[in-house]
Each structure stands twice: as structure tokens, then as C-alpha cells.
Amino acid sequence: MKHIKTLQTRNLKESMKKGGCGECQTSCQSACKTSCTVGNQSCENR
Amino acid sequence: MNSSYVQKENVVALKGKVVKMIHQFKNNGYFIVMDVNSGSIHIVDELVYDILPLYEKMAKEKHEGEKILAEEIMPALCEEEPQRYEADSPDLKEKINEALEDIHELIEEEQLFTEDIYENYLVDVSKRQTVVKALCLHIAHDCNLSCQYCFAGEGEYHGERDLMSYEVGKQALDFLVANSGNRRNLEVDFFGGEPLLNFPVVKKLVEYGRSLEEAHQKKFRFTLTTNGVALNDEIMEFANREMANVVLSIDGRKQVHDRMRPFPNGSGSYDLILPKFRRFAESRKQTNYYVRGTFTHHNLDFSKDVLHLADLGFQQISVEPVVAPPTEDYAIQKEDLPMLMKEYDDLAAELVRRKKKGEGFQFFHFMIDLEGGPCVAKRLSGCGSGTEYLAVTPWGDLYPCHQFVGQEDFLIGNVFDGIKNTDLQDEFKRCNVYSKEECKHCFAKFYCSGGCAANSYNFHGNITDPYEIGCELQKKRVECAIMIKAAMADVYTC
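Report follows, based on the coordinates.

Cut-off values and rules
- Residues numbered from 1 in each chain as written.
- Chains lettered and ligands numbered in written order.
- Predicted model: local features only at pLDDT ≥ 70, side-chain atom pairs only at ≥ 80, totals over all residues.
- Heavy atoms only, no water.
- Helix = DSSP H or I, 4+ residues; strand = E, 2+ residues; numbered from the N terminus.
- Buried < 20%, exposed > 50% of the residue type's maximum accessible area, 1.4 Å probe, protein only.
- Areas by Shrake-Rupley, 256 points an atom, 1.4 Å probe, with all protein chains shown as cover.
- Rg over C-alpha atoms; globule rule 2.2 N^0.38 Å.
- Contact = heavy atoms within 4.5 Å.
- Lys, Arg positive; Asp, Glu negative; His and termini not counted.
- Charge placed at Lys NZ, Arg CZ, Asp CG, Glu CD.
- Pairing = 2+ DSSP bridges.
- Buried area = accessible area lost by both parts, 1.4 Å probe.
- Salt bridge = Lys/Arg side-chain N within 4 Å of Asp/Glu carboxyl O.
- Polar contact = N/O pair within 3.5 Å; in protein donor to acceptor, adjacent residues only side chain to side chain.
- Disulfide = S-S within 2.5 Å.
- Core = buried A, V, L, I, M, F, W, Y, C linked by side-chain atoms within 4.5 Å.
- Arc of directions from axis to C-beta.
- Axes fitted to C-alpha atoms, helices over the stretch in contact; angles between N-to-C directions.
- Left-handed = near helix turned anticlockwise from the far one by under 90°.
- Nonpolar A, V, L, I, M, F, W, Y, C, P; charged D, E, K, R; others polar.

1. Quick word on the overall build of chain A
Looking only at helices and strands, chain A features 2 helices and 1 strand. For chain A, the N- to C-terminal ordering of α and β elements is β-α-α. Per-residue burial over chain A gives 59% buried out of 46 residues. Accessible surface, chain A: about 2000 Å² in total, of which carbon and sulfur atoms supply 44%.

Laid out in C-alpha cells, this is it:
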């Protein structure tokens, strides 16, 4: 493509198929304790 | 550096239901388009950036699958942006055609203008049996500092000073194992007050937790949050062996830190803790820790505090906005937002410069895992407070999270009898992006998962109305984080 470059991202629709296992970290335990930040976490089931 | 704050929100509504959403913004010279529902992120040139809102408007008047032509876009574009586009420009039509080809390709690949298909899916996910996987152990409701902004009321959480006994802590770990179902990874944070005031119990509880792992096929991830006052070599050695992460509280520059984090006698704590924290971070090889600060109305130029910590050699840094009633003199006010937005932009640009020179550091709120991030179920269902995550008081009471401790309406059970207030737990279980009207239409919903329930409660008296200042800051941080990814992927600036 000449006008658009796309970053590599996880396909959210695809993640419905195998998602929801819950093994990932609890967001508040990592550092924040006062704000909810989820996007920075990694999936533990890939 | 371009620190201008420009954003456009494009939501397509059909029959009153939001189905498609893109979000476009400019940051640090990049033109960025997020296709919210697929999670795709595109770095575009200015022409595509200008075409997309027009395209979207026209698409609403077209039949399904009908394409928009350059002849339709061109006059609208020239009218909308006369400074940049002239109808008699020889190659404009050709360029628009190229841009439209790119746009159509992304639509066909389901990476642009994709539909929101998750609401019903999330209802199914919410119906699943939840298990407890993380506890915040309030090992000490006591503190050796008198931090001005402490939501724990100098460690006491609006109650009595108290230390958790080994017996209560042991029962908490048993409760966690018994209620964790098939979940293997369990998290336990030693929190306070100041947990090192009860360090012997911390040590014994870690030992007890380890003794449970093999028999129950569990793996404990212990973490410790400390102000550093009582930190010593023995504790560091223990933590390096047993703690998956440590959070070290320091606000940044000496004058900033000492103003908000004094000892009870008023003197500052910076000089005592800094050398210990530097040594601790080095002993952990600059990984698996955060120096964690809070910024307030008194240091709106908080990027200087972040860079101060980076210049001291810390590589894992988190500095976050204080959450306080607006009546406090240190509370962040709406009027502070423009300056804070610029601070985030400037910090992000500086971080890119440093990373490109090989001198980067991690800033927690700019970290984003685009390729390996959480599944959509996790992204939409929130932090897990009240369901997967609970806080335990020194005497064993359970609350939905550490920020609710001491508010009796939120007492949810105790480690001896388990969850007693199932209505309250159900309320937290239902609390997700789609239960919050404002979040449904927000581009950041897949990154913040609907925000912090405690913040909502503190500002609105319920757990579903988002805390507006927090939302604005969160959205800016998401944009900055994505810009950094674009910059480090070496995508062209437009």
C-alpha cells in the first residue's frame, strides 16, 4: 500500500475463539493500584 | 516536535446501535488511525487522514458494498481542506484513487470500519463461573511515613492500626487456593500501609505458599509494594529470591517527593530511600520491579519527575495521577488537563528519542502489547475487582479491592467463611465496558477495559460511571503508547 502502513496487532475477533481462560495477570497487581490498565498486559495462552 | 492535541472520533451508527468505530489522531508527526473493533492500527499519510472522515460520511448514504469514487471525494476534500488540496492539481485525482484502493483493501481484510460483535459474546463470558486468582494482602495497616495523598489514611484505612497475623494470612492463602478452580497462576501482593512493618509474617507466608504449590498444582507470584524506609539487605535478598515483582514508591524529584512523602515529624524521606532503591533495582538487574510515583496538582510538570528517575538509572518507571476528592489542594482538576496532555506528549516524544539512542526506559502507562496483548474477553471485562481479585484486611475481611477497604458497604466476606455478599459480587461481575454507557463509544475501551471501579465510586457514588479526568488521561496515554510503537516500528512520518 502506498498511503497506509499497518502495525502488527492481535486480531481481537480471532481472540474470541480461544480467549477468556483467565490465566493472565490481574491488572491492578502489576504497578498501578489506582487505575485500570489492561492493554499493556500479555496473554499467557498463546 | 508536534505536541498538538488533535483527535477525531468516527462512530457509524445504524438503527441507533453503534457498530463501527475508527479513531484518528495526530501525535509527534504521525497520523494514526485505530480501527477500534478489530484492534488494527494504521499509520497513514495526511491524504488518507483527511479522506477518512469524508469517506465515512459518504458511506452511510451508500448501499452495502457500494464503493466510493475519487470523483465524489475530491470536491468535498478541496472544500474541507482548501489550504492543502486544489481541484486543478494535476495528480490529486490519481493520489485519491490510490488512497481509496488502500482503504478498500483494509475494509476487505476486516481491518477498517469493522463491526462491534462483542456485546453478546461478553454476556456469555460474564455468565461463566469466576474464580479468585489474586489477593491483595493488607499485611500491615500501619505506616512509617505520613504521605499527604494516602488513600489508606496513613496506613489505617480509616480504622485501627493493625498487623495481619500469620494465621489470618495462612487462611487467606488457603482461601485463594480453594477458590481458584483450575487456575494455575495465583498472585499475592503484600501491601499496606507499609508491609515491611510486618516482614516476619511476609516471610512465613511466602514459605507457606510455596509449600502448597506442588500438591495443588499452583504457582504463586508474590509481589511487594514498599516505601523503602525499612528496606535492608536481608529483605532485598529475600525479595530477589521470592518476589516476582516489587513496587518501590518514589515520586521523582527530591522536592516533589519530600513534600508529599514525609515522615510523621515532617522531614522528607527521599534521601533515605533513594540509595536503597537504586541498589535494589540493580540487584534485580533492572527488571521485575517498578519505581512507582504519584503526581498531583503540585507537580503538573510530572514528566520531569519521570525523566529524573530515568536519569538516576531506573529503567522500570510508573508515575501516575493522584486520585483524590476535588476539594483537596493536591487533587488534579479539569483545568489541569491541557498541561497534563502536553506533558504526556512531550514525555512520549522524549522516550522515542531516548529509545532510538539506545537509552530508553519503560514507562508503565506507555507500555502496550499490540501483538501479544490480552484477548477481547479480558479487555472488556475489566480488572477483575470483586470477582477474580480481592483485598484482605489484617483481620481477614474481604473487599472488592484495596481501594474499597474500610468502606463497610463494600465488605464482601472474609477468608474464614468466604464470600458472603454475593449480590455485591454479582454487581462487580456485571461491571464491564458494555454496562457503562460512556465506555461503549470510547476508542480506548479495549485498552483500559472500562476504568477503575473505585475511581467511579469515589467520584459518582456508583461503580459504572467513569471518572472523567481519569478517562481523559487514559485516552491520551493510549495515543502516546501507540505513537511510540509507530515510531519504533520506523514507520514513515507524514
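2. Quick notes on the overall build of chain B
Check the secondary structure of chain B and you find 17 helices and 16 strands. A compact globule built from 494 residues should have a C-alpha radius of gyration of about 23 Å, and chain B, at 25 Å, falls within 12% of that. The proportion of buried residues among the 494 residues of chain B is 60%. Partitioning the contacts of chain B with sequence separation of at least 6, the portion at a separation of at least 24 is 69%. For chain B, the computed accessible surface area is about 20300 Å², with 47% contributed by carbon and sulfur atoms. Of the side chains in chain B, 56 bear a positive and 80 a negative charge, and the two mean positions are spaced by 4 Å.

3. What to know about the pairing of strand E4 (residues 40–44) of chain B
All names here are of chain B. The buried fraction of E4 amounts to 5 of the 5 residues, a majority that puts the element mostly inside the structure. A two-sided burial pattern is seen for E4, the buried positions comprising Ser 40, His 42 and Val 44 on one face and Ile 41 and Ile 43 on the other. Strand direction decides the pairing type here: strand E3 (residues 30–35) and E4, joined by 5 bridges, are antiparallel. Opposite Met 34, over in E4, you have Ile 41 as the bridge partner.

4. Comments concerning the interface of chain B and chain A
Counting residues at the interface gives 82 residues for chain B and 42 residues for chain A. Of the roughly 5300 Å² buried at the junction of chain B and chain A (both faces included), carbon and sulfur atoms supply 53%. Linking chain B with chain A are 2 salt bridges, by the criterion used here. One salt bridge in this structure joins Glu98(B) and Lys2(A), with 3.4 Å as the shortest N-O distance. Inspection of the region where chain B meets chain A yields 23 residue pairs in polar contact (both at pLDDT 80 or more).

5. Focus: the pattern of salt bridges
Opposite charge on two side chains permits them to pair, given that their charged atoms come into close proximity. Residues and elements named next belong to chain B. Applying the stated rule across the entire model yields 34 salt bridges over all chains. For Lys 133, the salt bridge identified is with Glu 388, shortest N-O distance 3.6 Å. Separated by 255 residues along the polypeptide, Lys 133 in the loop between helix H4 (119–127) and strand E5 (134–141) and Glu 388 in the loop between helix H12 (376–381) and strand E13 (389–392) bring together distant segments of the chain. Lys 133 gets classed as buried once you look at its relative accessible area, which sits at 0%. For Arg 354, the salt bridge is made with Glu 350, and the minimal N-O distance between the two is 2.8 Å. With Arg 354 and Glu 350 both in helix H11 (residues 337–356), this residue pair falls 4 residues apart, about one helical turn. The burial state of Arg 354 is the same as that of Glu 350; both residues are buried. Overlapping salt bridges bring together Glu 46, Asp 50, Glu 81 and Arg 84 as one network.

6. With respect to the state of the cysteines
Tallied over the entire structure, the rule returns 0 disulfides over all chains. Free cysteine: Cys21(A), not disulfide-bonded; nearest cysteine sulfur from Cys43(A) at 6.0 Å.

7. Quick notes on the nonpolar core
Residue and element names in this part refer to chain B. Counting 145 residues, the largest nonpolar core has Phe 190, Met 243, Phe 314, Ile 317 and Phe 363 as its most contacted members. For this core, the element with the most residues is helix H17 (residues 468–488), which contributes 10 residues. If sequence neighbours within four positions are ignored, Met 243 has contacts with Phe 190, Val 202, Val 206, Phe 222, Thr 223, Leu 224, Phe 238 and Arg 284. The next biggest cluster of nonpolar side chains, apart from the first, holds 29 residues, and it includes Ile 22, Leu 54, Ala 70 and Phe 113.

8. Remarks on helix H13 (residues 422–429) of chain B
Residues and elements named next belong to chain B. Turning to H13, its buried residues number three or more, namely Leu 424, Gln 425 and Phe 428. Buried residues of H13, seen end-on, are gathered within an arc of 100° and therefore sit on one face of the element. Check the buried side of H13 and you find it contacts strand E16 (418–419) and helix H16 (453–460).

9. A look at the side chain of Asp336(B)
Residue and element names in this part refer to chain B. Position of Asp 336 relative to the elements: it lies in the loop between strand E11 (316–321) and H11. Buried and without a salt bridge, Asp 336 has Lys 334 as its closest oppositely charged side chain, separated by 12 Å. In this view, Asp 336 contacts His 297, Leu 300 and Ala 331; residues no more than four positions away in its chain are not counted.

10. Quick look at the packing of helix H1 (residues 46–59) of chain B against helix H2 (residues 70–80) of chain B
Residues and elements named next belong to chain B. Close contact between H1 and H2 brings their axes to 10 Å; oriented N to C, the two are set at 115°. For H1 against H2, the interelement crossing comes out right-handed. Of the residues in H2, those touching H1 at Leu 47, Asp 50, Ile 51, Leu 54, Tyr 55 and Met 58 are Glu 72, Ile 73, Ala 76, Leu 77 and Glu 80. Within the contact of H1 with H2, the residues separate by chemical class into 8 nonpolar, no polar and 3 charged.

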